[in-house]
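Architecture and fold: a report
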Amino acid sequence: MDLGFWLVQAFNGISYGALLFLVGSGLTLIFGVMRIVNLSHGAYFLWGGYIALSVIGATGSWALSLPVAALAVAVIGMVMERVFLRPLGFDPLRQLLLTVGFAFLFQQGALDIWGGNNMDINPPRVLTQSVVIAGMYLPLYRLFMIGMAVAIGLLLWLVMEKTRMGATVRATVDDAQMARGVGINTNRISMFIFALGAFLAALGGVIGGAFLGIYPGLDFEMLPLGFAVVIIGGLGSLGGAAIGALVVGLADNFGKALFPEVSYFTLYAPMVCILAIKPTGLFGRQ
């Protein structure tokens, strides 16, 4: 195994981690603000890909499918939070059961609407090419995935750290009761964050659809990976989610390349170690 092998595997792991960041960042934002473990989050990823396929079929535009699919799923998430989750109040068990029910409901709905065949999202031809960097052929689409994750991560950081909206979100995360006492509408903040989490997951579904394909069961494949990202990075930590996604992406890719027989062990071993050492994650809130 020469240096080129390690570099290519590292690049593939980073690009996969970029996709996982879109899933994990939405999960960690929802938990950080609302303390909801959303088990229907993988369904947002799946529906984002399926809706994108419908948009592409109707308009022929892949670029248009990105915002349309993400916004459509964000609206679904907003309705789900406002109509079903908010009346439950802070009841973790009922919230967990409700999101599990929605996960199966969304899965069956996708099967009824789009069928059970495997589908692929075809990006523009320019993104299907490769570029040569230091003698290595790197797929341009993987570079696009990394660029999107970096851009979205920076945008989220700027919003959360440099704007009034971000200040109200941080106040709600730190002490929701105190935030309500100073006039912050925490219900509106919760609805916005839940919709944003759904938006990010659906955007990941559109981007990942050209990378992984879209098929029944993909939602339950992505969900544990998203939770692994959140657990490693820390519940409620956006920066931790970025590092957790990088760890999971690299562990998955190197595990499959070097130890295919025990690849699941190499993938989830970091998560188990973090839970054993520090239950909140390396970068989580105490």
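Bear in mind that the values here come from a model prediction, so they are computed numbers and not experimental data. (Residues numbered from 1 in each chain as written. Predicted model: local features only at pLDDT ≥ 70, side-chain atom pairs only at ≥ 80, totals over all residues. Heavy atoms only, no water.)

1. Points about the overall build of the chain
Selection rule: The numbering of helices and of strands both runs from the N terminus, where a helix is a DSSP run of H or I of at least 4 residues and a strand a run of E of at least 2. Only protein chains enter the area calculation, which uses a 1.4 Å probe; residues under 20% of their type maximum are buried, those over 50% are exposed, and those in between are partly exposed. In this analysis, two residues are considered to be in contact whenever any of their non-hydrogen atoms come within 4.5 Å of each other. Charge counting follows a simple rule: Lys and Arg are positive, Asp and Glu are negative, and His as well as the terminal groups are ignored. Lys charges are placed at NZ, Arg charges at CZ, Asp charges at CG and Glu charges at CD.
Counting its secondary structure elements, the chain contains 11 helices and 2 strands. If you line up the chain on its principal axes, its C-alpha atoms span 60 × 50 × 35 Å. The buried share of the chain, taken over its 286 residues, is 50%. Intrachain contacts of the chain at a sequence separation of at least 6 include 76% that bridge at least 24 residues. Positive and negative side-chain charges of the chain, numbering 14 and 12 respectively, have mean locations separated by a distance of 13 Å.

2. Topic: a nonpolar patch on the surface
Definition in use: Like charges are joined within 9 Å and nonpolar side chains (Val, Leu, Ile, Met, Phe, Trp, Tyr) within 5 Å, but only among residues with over 30% relative accessible area and no salt bridge; these make up the patches. To be clear on the numbers: accessible area is Shrake-Rupley with a 1.4 Å probe, and residue cover counts the displayed protein chains and nothing else. Throughout this description, the term salt bridge denotes a Lys or Arg side-chain nitrogen within 4 Å of a carboxyl oxygen of Asp or Glu.
A contiguous nonpolar surface patch, about 330 Å² in accessible area, is contributed by Val75, Val79, Val83 and Phe84. Relative to the elements of secondary structure, Phe84 occurs in helix α3 (residues 62–85). Residue class for Phe84 comes out partly exposed when judged on its relative accessible area of 39%.

3. Thoughts on the packing of helix α1 (residues 3–34) against helix α10 (residues 238–258)
Our working rule: Only C-alpha atoms enter the line fits that serve as axes; for helices the fit covers just the stretch in contact. Angles between N-to-C directions range over 0 to 180 degrees. Our angle categories are set so that under 35 degrees counts as roughly parallel, over 145 as roughly antiparallel, 65 to 115 as roughly perpendicular, and the remainder as oblique. Should the near helix be turned counterclockwise from the far one by less than a right angle, the crossing is left-handed, whereas a clockwise turn marks it as right-handed. Asp, Glu, Lys and Arg are counted as charged, while Ala, Val, Leu, Ile, Met, Phe, Trp, Tyr, Cys and Pro are counted as nonpolar; the rest, among them Gly, fall into the polar class.
Remark: α1 packs on α10, axes separated minimally by 6 Å, with the N-to-C direction vectors making an angle of 140°. Considered as vectors, α1 and α10 are oriented oblique to each other. The element α1 and its partner α10 pack so that their crossing is right-handed. Considering only residue class, the contact of α1 with α10 consists of 18 nonpolar, 9 polar and 1 charged.

4. Considering the side chain of Thr99
For clarity, the cut-off: Identification of polar contacts relies on pairs of N or O atoms within 3.5 Å, with a donor-acceptor requirement for protein atoms, meaning one able to donate a hydrogen and the other able to accept it, and with residues adjacent in sequence counted only if both atoms are side-chain atoms.
Looking at the element boundaries, Thr99 is found in helix α4 (residues 92–114). Within polar-contact distance, the side chain of Thr99 engages the backbone nitrogen of Leu39 at 3.3 Å. Setting aside residues no more than four positions away along its own chain, Thr99 makes contact with Val37, Asn38, Leu39, Ser40, Met80 and Leu85.

5. Some details on the pattern of salt bridges
Overall, the coordinates contain 2 salt bridges when judged by the stated rule. One salt bridge connects Arg86 with Glu81, and the closest N-O pair in it is separated by 3.2 Å.

6. Structural notes on the pairing of strand β1 (residues 130–133)
Note the threshold: Strands pair, by our definition, only if DSSP identifies at least two bridges between them.
Pairing between β1 and strand β2 (residues 136–139): 4 bridges, direction antiparallel. Note that in β2 the partner of Val132 across the bridge is Tyr137. Counting the residues between successive antiparallel strands, the hairpin from β1 to β2 contains 2 residues, one of them, Ala134, with a positive phi of roughly 55°.

7. Things to note about α4
Along an α-helix, residues three or four apart share an orientation, since each turn contains 3.6 residues. Which entries qualify depends on this criterion: Expected helix span is computed as 1.5 Å times (number of residues minus one).
With 23 residues, α4 ought to run about 33 Å at 1.5 Å a step, and its terminal C-alpha atoms sit 32 Å apart, in line with that. Against α2 (41–59), α3 and α9 (218–233) lie the buried residues of α4. With its phi angle positive at about 85°, Gly115 sits one or two positions after the end of α4.

8. Some thoughts on the nonpolar core
This is how it is decided: Note on terminology: a nonpolar core comprises buried Ala, Val, Leu, Ile, Met, Phe, Trp, Tyr and Cys residues joined through side-chain atoms within 4.5 Å.
Core analysis: the largest hydrophobic core is formed by 79 residues, its most contacted members being Leu20, Tyr44, Ile193, Ile207, Leu225 and Val248. If you tally residues by element for this core, the top one is α1, at 12 residues. If sequence neighbours within four positions are ignored, Ile207 has contacts with Leu22, Leu66, Tyr141, Phe144, Met145 and Met148.

9. Quick word on the environment of Gln9
Relative to the helices and strands, Gln9 resides in helix α1. Sequence-wise, Gln9 and Arg125 are 116 residues apart; in three dimensions their C-alpha atoms are separated by 24 Å. If sequence neighbours within four positions are ignored, Gln9 has contacts with Asn253, Phe254 and Ala257.

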